[in-house]
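These are the residues of each chain, in order.
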Amino acid sequence: MLTDREIISTLEMLENENLDVRTVTLGINLLDCTGASLNRVEDKIYAKIAHLAQNLVNECDRIGQKYGIPVVNKRIAVSPIAVVGAALSSSQLVEISKTLNDVARQVNVDFIGGFSALVQKGMAKGDHALIEAIPHALASTERVCASVNVATTKAGINMDAVLLMGQVIKKAAKLTADKDGIACAKLCVFANIPQDIPFMAGAYLGIGERDAVINLGVSGPGVVKKPIDRALEANPDMDLGQISELIKKLLIKLHASGN
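Quick caveat, the model's predicted, so the values are computed rather than measured. (Residues numbered from 1 in each chain as written. Predicted model: local features only at pLDDT ≥ 70, side-chain atom pairs only at ≥ 80, totals over all residues. Heavy atoms only, no water.)

A cluster of nonpolar residues, Ile157, Met159 and Val162, forms a patch on the protein surface that exposes about 300 Å² of accessible area. By the element assignment, Ile157 lies in strand 5 (residues 156–157). Taking relative accessible area as the criterion, Ile157 reaches 58% and is therefore assigned exposed. (Patch = residues over 30% accessible without salt bridge, like charges linked within 9 Å, V, L, I, M, F, W, Y side chains within 5 Å. Areas by Shrake-Rupley, 256 points an atom, 1.4 Å probe, with all protein chains shown as cover. Salt bridge = Lys/Arg side-chain N within 4 Å of Asp/Glu carboxyl O. Helix = DSSP H or I, 4+ residues; strand = E, 2+ residues; numbered from the N terminus. Buried < 20%, exposed > 50% of the residue type's maximum accessible area, 1.4 Å probe, protein only.)

It is worth spelling out the nonpolar core at this point. Counting 50 residues, the largest nonpolar core has Ile49, Ile76, Ile81, Phe115 and Ile134 as the members making the most contacts within it. Each residue touching Ile81, except ones within four places of it in the same chain, is listed here: Leu30, Ala86, Leu93, Ile96, Leu100, Gly114, Phe115, Ser116 and Leu130. (Core = buried A, V, L, I, M, F, W, Y, C linked by side-chain atoms within 4.5 Å. Contact = heavy atoms within 4.5 Å.)

A few words on the side chain of Lys74. Inspection of the secondary structure assignment puts Lys74 in strand 2 (residues 71–78). What makes Lys74 buried here is its relative accessible area of 11%. Polar side-chain contacts of Lys74 include one of 3.0 Å to the side chain of Asp61. If we ignore the near neighbours within four places in the chain, the residues touching Lys74 are Val24, Val57, Cys60, Asp61, Val109, Asp110 and Phe111. (Polar contact = N/O pair within 3.5 Å; in protein donor to acceptor, adjacent residues only side chain to side chain.)

A word on the pairing of strand 3 (residues 111–118). Along strand 3, six of the eight residues are buried, which leaves the element largely enclosed by surrounding structure. Sheet topology note: the strand 2/strand 3 ladder contains three bridges and is parallel. The partner of Ala77 across the bridge, within strand 3, is Gly113. Across six bridges, the pairing between strand 3 and strand 4 (residues 144–152) is parallel. Counted as the bridge partner of Ile112 is Val144 from strand 4. With respect to chirality, the unit in which strand 3 leads through helix 6 (residues 125–139) into the neighbouring parallel strand 4 is right-handed. (Pairing = 2+ DSSP bridges. Right-handed = clockwise from strand over helix to strand, strands pointing away.)

Below, the discussion takes up helix 5 (residues 90–107). The terminal C-alpha atoms of helix 5 lie 26 Å apart, and with 18 residues this matches the ideal 26 Å at 1.5 Å per residue to within 8%. Ser90, Leu93, Val94, Ile96, Ser97, Thr99, Leu100, Asn101, Val103, Ala104 and Val107 are the residues of helix 5 that are buried. Looking at the residues trailing helix 5, positive phi occurs at Asn108, about 70°. (Expected span 1.5 Å × (residues − 1).)

Under the counting rule described, the total for this entry stands at seven salt bridges. When the shortest N-O distance is used, the salt bridge between Glu59 and Arg62 registers 2.9 Å. Here Glu59 pairs with Arg62, and both are found in helix 3 (residues 56–67), just three residues apart, close to one helical turn. On the accessibility criterion, Arg62 (43% relative accessible area) is partly exposed. Of the charged contacts, one joins Arg105 and Asp102 as a salt bridge, the two residues approaching to 3.2 Å between their closest N and O atoms. With Arg105 and Asp102 both in helix 5 and three residues apart, the pair spans about one turn of that helix. The class for Arg105 is partly exposed, based on a relative accessible area of 40%. Given a relative accessible area of 38%, Asp102 falls into the partly exposed group. Here the salt bridges share partners, and the residues they tie into one network are Asp32, Lys48 and Asp211.

Take a look at the structure:
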């Protein structure tokens with residue numbers, strides 16, 4: 001149970017400190033959509049996402065209006081397409097990206113992430129195909145985001161993948177030069193990517209996740225800044241350790257407001 005004080009504190013954050021729900025991201029497991037036939041894979045991907053995400057935006061808007069908490073972005077993250085489309089060619093994976101874009105438009109989400117490959121230990125056929133497809137996939141879609149993990153502390157750095165991703169970034173920039181290289185803004189190259197990540201542009205649903213997962217991102221820079229300003233005004237001699245402890249407490253409060 002929330003106390004009266006906690007409720008009042010949350011209302012204060014909403015009204016005066018710019019607290020909002022920055023994003024609601026629906027994770028969708030597409031591992032049951034694999035296959036060697038492009039049309040079959042496209043149909044299964046479109047049908048599953050359309051079914052699971054059909055009410056996402058309306059529900060976010062309804063809950064936001066009910067509780068007075070704006071939900072700024074609504075997004076989808078899917079299983080790594082390098083795995084889902086492992087049997088497909090590079091050109092076919094570009095077509096998959098268009099299917100992802102079409103269904104994202106259909107359900108009215110802002111972005112869909114998961115055009116991704118995890119290659120820190122080496123590249124399989126599907127990984128090569130996806131990396132090759134990234135420039136054209138991002139240049140020909142508006143809502144698709146891509147990510148590639150090229151290194152981990154445990155596995156080391158896949159230098160072949162690093163070289164390829166340098167070439168991919170240059171090509172993506174060139175293909176969208178008339179749009180300020182927007183394709184590159186939808187691409188993340190990672191080291192030590194989390195096992196599952198809901199944040200764009202690097203979002204993807206981790207292997208081993210259930211069919212559908214909701215992730216909530218709370219944003220409130222003012223919630224952190226204003227208490228720090230007040231604390232420094234009361235005690236100008238606060239050191240970094242004390243400020244760090246204050247920030248930890250504020251983050252706990254933010255987490256509680258998200259729950």
